[in-house]
Amino acid sequence: MAVPKRKTSKKVKNQRRTHKKLHVPGMVACSNCGELTKPHHVCRACGQYDGKQVVEA
Ligand SMILES: [Zn+2]
């Protein structure tokens, strides 16, 4: 079995992990009530989507 010749240094380890971070979802304000919602999703506060009532609040 192949075995690494050298221990991975802290620098290389940290450089590898620069892309590994928590993802924060983008949020937009509802055009009807101003509540923060996910884009392209029905507003959970007032039930409107694209200016139309699609879910009874
Ligand atoms: Zn809303």
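An unreviewed UniProt entry lists the chain under the name Large ribosomal subunit protein bL32, with Halolactibacillus halophilus given as the organism. Among the UniProt annotations of the chain, the heading Sequence similarities (unreviewed entry) holds the following wording: "Belongs to the bacterial ribosomal protein bL32 family."

Moving on: the overall build of the chain. Secondary structure assignment for the chain yields one helix and four strands. Beginning at the N terminus, the succession of helices and strands in the chain can be written as α-β-β-β-β. Expected size for 57 residues packed as a compact globule is a radius of gyration near 10 Å; at 23 Å, the chain overshoots this value by more than 25%. For the chain, the C-alpha atoms occupy an extent of roughly 65 × 25 × 15 Å along the three principal directions. Here the chain, with 57 residues, has 11% of them falling under the buried criterion. For the chain, contacts bridging at least 24 residues in sequence account for 0% of all contacts bridging at least 6. By element, 55% of the accessible surface of the chain is carried by carbon and sulfur atoms, the whole surface being about 5,800 Å².

Let's shift gears to the layout of surface pockets. Taken as a whole, the largest pocket holds about 160 Å³ of empty space. Lining of the largest pocket is provided by 14 residues; of these, Cys30, Ser31, His41, Tyr49 and Asp50 occupy positions nearest its centre. Elements represented by at least two residues in the lining of the largest pocket include exactly β1 (28-29) and β3 (48-49). The class makeup of the residues in the lining of the largest pocket is six nonpolar, six polar and two charged.

Procedures and definitions
- Residues numbered from 1 in each chain as written.
- Predicted model: local features only at pLDDT ≥ 70, side-chain atom pairs only at ≥ 80, totals over all residues.
- Heavy atoms only, no water.
- UniProt positions renumbered as here; feature names shortened; annotations may be inferred.
- Helix = DSSP H or I, 4+ residues; strand = E, 2+ residues; numbered from the N terminus.
- Rg over C-alpha atoms; globule rule 2.2 N^0.38 Å.
- Buried < 20%, exposed > 50% of the residue type's maximum accessible area, 1.4 Å probe, protein only.
- Contact = heavy atoms within 4.5 Å.
- Areas by Shrake-Rupley, 256 points an atom, 1.4 Å probe, with all protein chains shown as cover.
- 1 Å grid on protein atoms, 1.4 Å probe; cavity = no way out; pocket = protein on both sides within 12 Å on 5 of 7 lines; lining within 4 Å.
- Points joined across faces, edges and corners; volume = space filled by probe spheres on them.
- Nonpolar A, V, L, I, M, F, W, Y, C, P; charged D, E, K, R; others polar.

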